[in-house]
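The primary structure of each chain is shown beneath.
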Amino acid sequence: MEFSQPDDNNNFSLTRFESMLKTNHVLFFDSNEFENIIHHYLESGKIALAKKAIKLGLEQHPTSVNLKLFLTEIFILENKFTEADDVLNEIHIVEPANEEIYIQKASVFSKQDLHQKAIDTLKIALNLNSDDEGLTDLFALIGMEYLFLDKFENAREYFSKCLAIDLEDYSALYNIIYCYDFLDQNNEAIDFLNIYLDKNPYCEVAWHQLGRQYFTVKDYDKALAAFDFAIISDDKFVGAYLEKGKVLEKKKEYIEAIENYKITLALDEPTSFALLRIGHCHEKLGQDDLAVQYFYKTVHEDPLLDKGWIAITKFYNKKHNYQKALFYINKAINIDSENVIYWKLYAQINLRLNFLEEAERGYKKALDLGNYELQTWLSRTDILIDLGEYEASILNLIQAAEFYPETAEIEFRLAGLHFTLHESSKGHYHLKNALILDPEFDIILDELFPNVLQKPSVQQLISETKK
């Protein structure tokens, strides 16, 4: 459907229409006016007003195909697929060659996750297209449906068709690169972008994407050159400065990286990413005061960014200032109590402060949130052993063994615990398992259960295994 650009006539129609709604005095509008009014409301997200305009429009122009198509659009938005199909079938009787019918039908299929049917329907619309207008939109819609099906080669083919029609269709360009990325075809993406840049050498978007591909394959010098060309093409391109900063960090050129990140702060609103990276660069340069200032700025700019709180916490952790590290990780947990990394840091810091109950709580919370790394299970076990919670330690290790069966670190601990509880048969059972798996881990007994290691039966079993 074609629509007039906003002008005085359209503004006048909108004013008349909204005045009519206020007064309940019905005025006449021609179908084109209704179409432009509806289009305006849909573009503005004012669905209720769009529905009123469609209703009044169809009352005044009951045979208008375009108004009925707007009605199906509303039905699709509201997931009323049967109603949408009924109207589309009604229009099809009148205008069987109207490609818009098939575009809307495809939308119905797509919203029901019937993406192959949507593609087949869009291809019918493609065949009905006689004047090449709207071809790019059709190719893009088919490409998106193939993306939903994870058919990236097919998707790329159709987005390439968009680019063949309009070399500056950057949405299609981004989607093509997305397909290459998903298929891990970075070198193919580099070849594609270099060919594209031969045709459109001042395209900052393509240079930026080329730099990202070189960065992925760790060709940092070429990445740097590509980002420089992106900046030459558009010296206010914030994304290029950010990516250039990342490359310079990889090359350990921290001062130059800071300069590029600071340019982004001058060009646009400060971003937490740039502030955080500047902080890390200062930290690498040994400029601790500046580093922590930027970490503070990061969390002030975006309190929900976990990397900011993690950076501050780890900063103080490295400085052995555990009280301050604990203060900031507590602030982070108050903002997001479901963040696993926060709880692991909380546990580690409390352990260093010898606050064993709190450390155990942190590891338990990390496990509850789905962090099933072996070290998390083992760390919690060792704290429970220190606290004398032997039964809880055993239960924790049994749960760990479900994820990590036949693991020497688990078996040695279970052996030590059962011997400590005077359950010798279970102790011998787990000790034998542990020694078969990896006898070198018998150091665990020395560290955690020195009394158990002195038992003659334990010494004999270890000695026999190591002969």
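Residues numbered from 1 in each chain as written. Predicted model: local features only at pLDDT ≥ 70, side-chain atom pairs only at ≥ 80, totals over all residues. Heavy atoms only, no water.

Points about the side chain of T298
Here T298 lies in helix α17 (residues 288-301). According to the relative accessible area criterion, T298 is buried, its value standing at 0%. Polar side-chain contacts of T298 include one of 2.7 Å to the backbone oxygen of Y294. Not counting the four nearest positions on each side in its chain, T298 is found in contact with S272, L275, L276, L305 and G308. (Helix = DSSP H or I, 4+ residues; strand = E, 2+ residues; numbered from the N terminus. Buried < 20%, exposed > 50% of the residue type's maximum accessible area, 1.4 Å probe, protein only. Polar contact = N/O pair within 3.5 Å; in protein donor to acceptor, adjacent residues only side chain to side chain. Contact = heavy atoms within 4.5 Å.)

Overview of unusual backbone geometry
Residues other than glycine seldom take positive phi values, yet D150 does so here, at roughly 60°. Examined against the element boundaries, D150 turns out to sit in the loop between α8 (135-148) and α9 (152-165). One non-glycine residue, D184, lies in positive phi territory at about 55°. Mapped onto the elements of the fold, D184 is located in the loop between α10 (170-182) and α11 (186-199). Judged by its relative accessible area of 63%, D184 is exposed.

Observations regarding the environment of A140
Within the element layout of this structure, A140 appears in helix α8. Each C-alpha atom of the pair A140 and T420 lies 68 Å from the other, and the pair is 280 residues apart in sequence. Those residues in contact with A140 that sit more than four places away from it in its chain are F159 and C162.

A word on a positive patch on the surface
On the surface, K218, K250, K252 and K284 cluster together into a positively charged patch. Topologically, K252 is positioned in the loop between α14 (238-250) and α15 (254-267). The class for K252 is exposed, based on a relative accessible area of 63%. (Patch = residues over 30% accessible without salt bridge, like charges linked within 9 Å, V, L, I, M, F, W, Y side chains within 5 Å. Areas by Shrake-Rupley, 256 points an atom, 1.4 Å probe, with all protein chains shown as cover. Salt bridge = Lys/Arg side-chain N within 4 Å of Asp/Glu carboxyl O. Lys, Arg positive; Asp, Glu negative; His and termini not counted. Charge placed at Lys NZ, Arg CZ, Asp CG, Glu CD.)

Observations concerning the packing of helix α4 (residues 65-77) against helix α6 (residues 99-111)
Between α4 and α6, whose axes approach to 10 Å, the crossing angle comes to 5°. Considering the angle they form, α4 stands roughly parallel to α6. Residues L69, T72, E73, I76 and L77 of α4 form the contact with α6, whose participating residues are E100, I101, Q104, S107, V108 and K111. Looking at the contact of α4 with α6 residue by residue, the classes come out as five nonpolar, three polar and three charged. (Axes fitted to C-alpha atoms, helices over the stretch in contact; angles between N-to-C directions. Parallel < 35°, antiparallel > 145°, perpendicular 65-115°, else oblique. Nonpolar A, V, L, I, M, F, W, Y, C, P; charged D, E, K, R; others polar.)

Section: helix α5 (residues 81-94)
With 14 residues, α5 should reach 20 Å at 1.5 Å per residue; the first-to-last C-alpha distance of 20 Å fits that figure. Along α5, the residues classified as buried are F81, A84, V87, L88 and I91. For α5, the buried positions fall inside an angular range of 130° around the axis, keeping them on one side. In this structure, α5 carries T82 and I93 as exposed residues pointing more than 90 degrees from its buried face. The inward-facing, buried residues of α5 contact α4 and α6. (Expected span 1.5 Å × (residues − 1). Arc of directions from axis to C-beta.)

Focus on the environment of P303
Along the polypeptide, P303 turns up in the loop between α17 and α18 (306-318). Once the C-alpha coordinates of P303 and D336 are considered, the two residues, 33 residues apart in sequence, prove to be 9.6 Å apart. In this view, P303 contacts W309 and I335; residues no more than four positions away in its chain are not counted.

Remarks on the pattern of salt bridges
Across all of its chains, the model carries 17 salt bridges by this definition. D228 is paired through a salt bridge with K244; the nearest N and O atoms lie 2.9 Å apart. Separated by 16 residues along the polypeptide, D228 in helix α13 (residues 220-233) and K244 in helix α14 bring together distant segments of the chain. Assessed through its relative accessible area of 30%, D228 is described here as partly exposed. K236 is the partner of D235 in a salt bridge, and the nearest nitrogen-oxygen pair spans 3.9 Å. Residue classification places K236 among the exposed positions, given a relative accessible area of 58%. Put simply, K51, E78 and K80 are held in one network by salt bridges that share partners.

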